[in-house]
Amino acid sequence: MHPNEELLNTFYKSFKDHNPKEMTACYGKNITFTDPAFGHIKGDRVRAMWHMLIERGGDDLTIKYEDIQADDYTGSAKWVATYYFGPNRRKVVNHVVGTFYFQNGKILQHTDHFDLWKWSRQALGVKGILLGWSDYMKLKIQQESSKKLSLYLQKMRTFENTQL
């Protein structure tokens, strides 16, 4: 198995095991991440995102992954996340294809591809059915995700500072 395939296996096994620290250790320092819900984020925001998603998913979050492929520079994987979203706890089954660029044995760029309209229909109900396809809704979802991530990152930093 190629070392970058092993790296992706470690990444997804850690995700499946709800271990964001081991998961994000697979990333390079200057990681960039892109997906339809968060848009384009970098560095500590990427690492905090996985901590937040795993924490919020709790025991209900299940991850399945397959078809991991990688060479010296690029890689990909298919994965499915199942969880309950929002105050109404709507069940979401999100089918994702991750693509990766590697450098020095770490993930340098990570992009997750999924159908945002399909996700929004599950996660947001009627609002997602009616508007989930639109650029307006995509922007609203990204703004809300960014806001929640900023609050979570602030909470993480406050906690780290109190532990010194």
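Just so you know, these numbers come straight off a predicted model, no measurement behind them. (Residues numbered from 1 in each chain as written. Predicted model: local features only at pLDDT ≥ 70, side-chain atom pairs only at ≥ 80, totals over all residues. Heavy atoms only, no water.)

### Overview of a nonpolar patch on the surface
Now for step 1: On the surface, V126, I129, L130, L131 and Y136 cluster together into a nonpolar patch covering about 500 Å² of accessible area.
Now for step 2: By residue number, the principal contributor to the nonpolar patch is helix α5 (residues 126-131), which donates four residues.
Now for step 3: Position of V126 among the secondary structure elements: in helix α5.
Now for step 4: The exposure class of V126 is exposed, given its relative accessible area of 57%. (Patch = residues over 30% accessible without salt bridge, like charges linked within 9 Å, V, L, I, M, F, W, Y side chains within 5 Å. Areas by Shrake-Rupley, 256 points an atom, 1.4 Å probe, with all protein chains shown as cover. Salt bridge = Lys/Arg side-chain N within 4 Å of Asp/Glu carboxyl O. Helix = DSSP H or I, 4+ residues; strand = E, 2+ residues; numbered from the N terminus. Buried < 20%, exposed > 50% of the residue type's maximum accessible area, 1.4 Å probe, protein only.)

### As for the packing of aromatic side chains
Now for step 1: On inspection of all chains with the given rule, the structure shows 13 aromatic pairs.
Now for step 2: When the ring of F33 is compared with that of W50, the centres are 5.7 Å apart and the planes differ by 80°; the resulting orientation is edge-to-face. Taken together, the residues span a long stretch of sequence, with F33 in strand β1 (residues 27-35) and W50 in helix α3 (residues 44-57) at a distance of 17 residues.
Now for step 3: Of the residues examined, F33 reaches a relative accessible area of 0% and is grouped as buried.
Now for step 4: When its relative accessible area of 2% is taken as the criterion, W50 is described as buried.
Now for step 5: Joined through ring pairs, the aromatic side chains of F11, Y12, F15, Y27, F33, W50, Y65, W79, F100 and F102 make up one cluster.
Now for step 6: In this arrangement the basic side chain of R121 is found over the ring face of W117, its NZ or CZ atom lying 4.8 Å from the centre. (Phe/Tyr/Trp six-rings, centres within 6.5 Å; stacked < 30°, edge-to-face > 60°. Lys NZ or Arg CZ within 6 Å of the ring centre and 35° of its normal.)

### Regarding the sheet that holds strand β6 (residues 106-113)
Now for step 1: Read from one edge to the other, the open sheet built from six strands follows the order β2-β1-β6-β5-β4-β3, with strand pairing classed as mixed. If you trace the sheet from one side to the other, it starts and ends with β2 (39-42) and β3 (62-70), each paired once. Averaged over all adjacent pairs, the angle separating strand axes in this sheet is 20°, with direction ignored.
Now for step 2: Contacts from helix α4 (residues 116-124) reach β4 (74-85) and β5 (90-103) within the one sheet, and its direction differs from that of β5 by about 140°. (Pairing = 2+ DSSP bridges. Axes fitted to C-alpha atoms, helices over the stretch in contact; angles between N-to-C directions. Contact = heavy atoms within 4.5 Å.)

### Concerning the pattern of salt bridges
Now for step 1: Under the definition given, this model contains six salt bridges.
Now for step 2: With a closest N to O distance of 3.5 Å, R47 and D44 form a salt bridge. Taken together, the residues span about one helical turn, with R47 and D44 both in helix α3 at a distance of three residues.
Now for step 3: A relative accessible area of 43% means that D44 is categorised as partly exposed.
Now for step 4: Salt-bridge contacts for K148 lead to E144; the nearest nitrogen and oxygen are separated by 4.0 Å.

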